[in-house]
Amino acid sequence: LVVAGAVETGAQEPALVPPQGQVRIGFVYSDGNLPGTLAAYKAVLEERPELAEQVTLTFLTESMFDDVDAEDIASSDVLVLDTMNQQMLERFDAEHDIDLIDAVRRRGSVYSVGEGLLPREQYVGKGALYDEVPRAFWAESGFNNQVGLLKFALAKAGIRDLAVPELEPSLGFGYYYPDSESGRVFPTWEAFTARREQLGKARPGAPRVAVGFYKSSYYSGETELIDAVIAEIERQGAEAVPFFGFPDATAVSRMLVDEAGAPRADVMLSLLFRFAGPEASPILEGVAIPVINLISLYERT
């Protein structure tokens, strides 16, 4: 897939900045990373709308594998390579009789992110760069860090005057609430409830429905399902308490029980517990709320 100015930004007029030359940024990673990059791209275009005519993004993922033009991605000025996808890279090289890392390195830069099966030296020896800045953006993930990673790549490709944001460390446990952008996460109950009150979503005395999910859903930008569940809970007159953390049972105990031992929700809808172990039962008994599992273990529904 190639994206060139294809994201609607809502900007009325492009900034009057002369082009600096066309640049191409390539990504080799899994399908699940696409939403985060595209959300970041939209944010960058809102800040710098003239880049819609100057920047092209090319993606090599599992679902797009057969549609990617080898020359397009090989002509990347900067290639972001998630080394977890080494097998896909090898397959692509074999089918197109190319060494993608070497091809990009001859004209631009390859930045290795993530952790894969092969040792670091394997990629460094081929010319890939191990820079801690993009690696940290990738490891922590989340909307702000996705913007940081994209801006880093654009700056290295020659786009001037881009303010690369500071790294935003991810949370191991947290509450989540959607907004008009990418949603926000909160480390404490107090911060979460303050935000909910600020948005006019607090309903004193209403039933509280917790929604448990894995942090990767937020940090990879895949919150559409969670947001829809939250919206339906609120439409029916209840308060939603979305949260994440791992291990699953520990997250429930930590996030849904207050300092006095009282539950913070009346019931829980769970996108967790796909692999609940025997230690989970006594922990959940301490929380003492019913849990409705939204995950089917054995079949598609």
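Residues numbered from 1 in each chain as written. Predicted model: local features only at pLDDT ≥ 70, side-chain atom pairs only at ≥ 80, totals over all residues. Heavy atoms only, no water.

### Notes on the pairing of strand β9 (residues 239-244)
Threshold: The buried label applies to any residue whose accessible area, calculated with a 1.4 Å probe on protein chains only, is under 20% of its type's maximum; exposed applies above 50%, and partly exposed to all values in between. Only DSSP runs of H or I covering at least 4 residues are called helices, and only runs of E covering at least 2 are called strands; the numbering of each starts at the N terminus. When DSSP finds two or more bridges between two strands, those strands count as paired.
The buried fraction of β9 is high, at 6 of 6 residues. Where strand β6 (residues 174-177) lies against β9, 2 bridges are found, and the strand directions are antiparallel. Bridging across to β9, Y175 finds its partner in F243. Note: strand β8 (residues 208-213) against β9, 6 bridges, orientation parallel. When the sheet's bridge partners are listed, V209 is paired in β9 with A240.

### Quick notes on the environment of P169
Examined against the element boundaries, P169 turns out to sit in the loop between α7 (143-156) and β6. The class of P169 is exposed, set by a relative accessible area of 57%. The spacing of P169 and E140 is 29 residues in sequence and 5.8 Å in space, taken between C-alpha atoms.

### Here's the deal with the pattern of salt bridges
Here is the rule: The rule for a salt bridge is simple: a side-chain nitrogen of Lys or Arg has to be within 4 Å of a carboxyl oxygen of Asp or Glu.
Per the counting criterion, the structure on display carries 15 salt bridges. Of the charged contacts in the structure, one is a salt bridge between E115 and R135, with a shortest N-O distance of 2.7 Å. A residue pair is termed long-range when its members are at least 10 positions apart, and E115 in the loop between β5 (109-113) and α5 (120-125) and R135 in helix α6 (residues 132-140) qualify at 20 residues. The exposed category is assigned to E115, whose relative accessible area is 55%. Of the residues examined, R135 reaches a relative accessible area of 11% and is grouped as buried. With a shortest N-O distance of 3.8 Å, K201 and E234 are connected by a salt bridge. With a gap of 33 residues between them, K201 in the loop between α8 (189-198) and β8 and E234 in helix α10 (residues 224-235) connect regions that are remote in the sequence. Through salt bridges with shared partners, a single ionic network connects D66, R91 and E95.

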